[in-house]
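Chains, contacts and geometry: an overview
Single-letter residue listing:
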Amino acid sequence: MRIAIIGGGIAGLAAAYELQKSRAAGQPVEYTLYETRPRLGGSLASEVVAGAVLEAGPDSFLTEKPAAAELCRELGLGDALLPSNDAARKTWIVVKNRLVALPDGLMFLIPTKLVPTALTPLFSLRTKIRMGLELLHPPRASEGDESVAALVERHYGAEAVDRLADPLLSGIYGGDATQLSARTVLARLVEMEKKYGSLTRGMLAAHKHMREAAKNSAKTQKRAAPPIFTALRGGMQQLVDALEATLDPAAIRTGTPVNKLERTASGWRITTAAAAEQYDAIIMAAPAWAAGAMLSGVDAELGAELAAIPYSSSITLNLIYDESKLGTLPEGFGFLVPASEGCAMLACTFVHRKFLGRTPPGKAVFRAFLGGMRGEAMLAESDEALVATVRRELSQILGKKVFDAAVEPEHVQVARWRRAMAQYAVGHQERMQRIRARLAALPGLRLAGNAYDGIGIPDCIRLGRQAARELTGPAS
Ligand SMILES: Cc1cc2nc3c(=O)[nH]c(=O)nc-3n(C[C@H](O)[C@H](O)[C@H](O)COP(=O)(O)OP(=O)(O)OC[C@H]3O[C@@H](n4cnc5c(N)ncnc54)[C@H](O)[C@@H]3O)c2cc1C
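Everything quoted here is computed from the prediction, not taken from an experiment. (Residues numbered from 1 in each chain as written. Predicted model: local features only at pLDDT ≥ 70, side-chain atom pairs only at ≥ 80, totals over all residues.)

1. Section: the overall build of the chain
Helices and strands together make up the secondary structure of the chain, namely 16 helices and 22 strands. The dimensions of the chain, computed from C-alpha atoms along their principal axes, are 70 × 55 × 50 Å. Across the 476 residues that make up the chain, the buried fraction comes to 46%. Counted over contacts in the chain with a minimum sequence separation of 6, partners at least 24 positions apart contribute 74%. (Helix = DSSP H or I, 4+ residues; strand = E, 2+ residues; numbered from the N terminus. Buried ≥ 20, exposed ≤ 12 C-beta atoms within 10 Å, placed from the backbone. Contact = placed C-beta atoms within 7 Å.)

2. Digging into the sheet that holds strand β1 (residues 2-6)
Ordered in space as β12-β2-β1-β16-β22, the five strands form an open sheet in which the pairing is parallel. Lying at the two open borders of the sheet, with one neighbouring strand each, are β12 (252-253) and β22 (445-447). Relative to strand β16 (residues 281-284), β1 is paired through four bridges, and the arrangement is parallel. From the neighbouring strand, Ile3 faces β16, where its bridge partner is Ala281. (Pairing = 2+ DSSP bridges.)

3. Side note on the environment of Pro338
Along the polypeptide, Pro338 turns up in the loop between β18 (334-336) and β19 (345-350). A tally of 21 C-beta atoms within 10 Å means that Pro338 is categorised as buried. Between the alpha carbons of Pro338 and Arg98 there is a distance of 12 Å; along the sequence they are 240 residues apart. Those residues within four positions of Pro338 in sequence are excluded, and the remaining contacts are Ile93, Val94, Asp162, Arg163, Asp166 and Pro167.

4. Observations concerning the domain arrangement of the chain
What the domain assignment reports for the chain is domain 1 (2-44 + 238-310 + 424-472), domain 2 (105-220) and domain 3 (312-421). Taking the mean C-alpha position of each, domain 2 and domain 3 sit 28 Å from one another. Taken together, the contacts link 12 residues of domain 2 with 15 residues of domain 3. Residue composition of the side of domain 2 that touches domain 3, by class: three nonpolar, five polar and four charged. (Domains from an automatic or database assignment. Nonpolar A, V, L, I, M, F, W, Y, C, P; charged D, E, K, R; others polar.)

5. Considering the environment of Ile282
The residue Ile282 is located in strand β16 in this model. The sequence separation of Ile282 and Glu410 amounts to 128 residues, and the corresponding C-alpha distance is 46 Å. When neighbours within four sequence positions are excluded, Ile282 is seen to be in contact with Ala4, Ile6, Leu261, Trp268, Gly444 and Leu445.

Structure follows, in C-alpha cells:
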C-alpha cells in the first residue's frame, strides 16, 4: 500500500512514524511525506542560544494526555522529559496594569473555595455575589451549542469572562471566548451543567470524587502528583529530530508543497511542482484551510467545511536578560492579559521559572505571546516594533524597578505563526459530523491535525498515529 502524508507538522510526523513501524514489522507499506517548508515539525521549533532553550512554538504539553510522553519514551527520550516546576506555580492576571494572583481553589475556570474567592481583588463585589448565587443555578433548557463566553457569563457574569475565561483560553487557543464552542472546549462543564445546574456544585462533586479516588490509590501505592506540563530538556525540536531520525530519508520531501489532489480509478493522485504521483491512500495533516483548498476539487462540500474552520495567528517573542540588570520578578510562571487591558501581549511566561535547568544561571528568559483572533494585524509589524512594544508593556506591568524598558536584552527571537491555531468555533461538533459523513464516501482519505479533536501536541500525535493505523492495521 502506497500512502502519502501531506504536512510534516507533529501530526504528519506521528503518522509517518507509525507507517515506518508497520514497514519495519514487515507490512507492505510505502509512504512519502510532503512538507511545504524546508524543515519538518510545523509549529514545533526550538533553538538553544547561549545555553538557553528558546521555544518559538509550543514549550510543553499537558501531562494528563499521555500520547506525547508515550511517544517520547518510545523514541528513547524518556530521560529528556522535564516536569514543570509546579512547586513555584502561580499565575497572575493583569488588572489595570497590575498583577493580581488567580485565587486559590480555581478548578478549570470554576471557583471552588469560598474564602479565596471572597477575598480576591480579581473580582468586584458584584461578581463575587453572583459567584455565590451560582450555587442555585438551574440546568440549561436548550441543548444547542453556545460560546464559552455565553456559558461562563450566564453562570458568573461578564467580569468572569473578561478576567478568567478569555485570558485562560486565549493562552491555549489564541482564541476569543465569544467565538469558541463551549461544547468542544468546555465539554466537561457543559455536562456538569446538565447534571447539576450549578457549575460550582458540579465541580465540587467531581473534586470530592477525585479526592476519594486519590486516597484509595494512595493506600495501595504512594505516588507523587504528576506535573501539569511536561517539556523536553532540549526543547520540542528534540521530538521532531527523534521522529525524523526514525524515518526513511528517501520518503521525506521537504520544500515540496502539494498543489493538487485528485481521485483516480485506483486511488489518489498528488501533484507537486516536480511531478504527479499515484497513491492508494492519503493522510491529510496540513492545516484545515490548506486541506480545504486541496480537497475542494475532490468534494466541494468537504472542501468548504474544512476551509470554514477558523484559524488564529500568533507571535512569540523570547527575550534573554541578564538577571542582575532586573529587579526581583514576582513569583510564579508568568501572567495572562485580559483583552480589556488593551495590551498587545496576551500572556508572558517567565521561562526560567517554569522549567528548571533550561536557562543558564544568572539569566532570565521572558516569552511573550501576541496576536490571536483579535491581534491578526500585529503580524505585519516589524520585529523591532514588536520587541519595543513588549519591552514597554513588561515595564508597565512589572514596574520600572523590576523591568526597565531601557535595559537591552542579550538576545531576541521573534516567531510568527500564520493561521497555525485552529479555533473550535460554536457548532464545531456539528461541523465534524458533516466532515465525517463526507469522509465516509472517500475511501483511503484520513484527516489528522489540530483542527479536529484537540489542539495540543498529544491530541495531534494521537490523531496522526490513529490515521496511520486505520489504513494499515496495527504495526505489531
Ligand atoms: C505559538 C504556539 C504555541 C503553542 N503552544 C502549545 C503548547 O505549549 N502545548 C501544546 O500542546 N500545544 C501548543 N500549541 C499547539 C500545537 O503546537 C499545534 O496545535 C500543533 O503543533 C499542530 O500540529 P499539526 O501537525 O496539526 O499542524 P502544523 O504544525 O501546522 O503542521 C502542518 C504542516 O503542514 C504543512 N503544509 C501546509 N500546506 C501544505 C501543502 N499543500 N503541502 C505540504 N505541506 C503542507 C505546513 O507547512 C505545516 O508544516 C501551540 C501552537 C503555537 C502556534
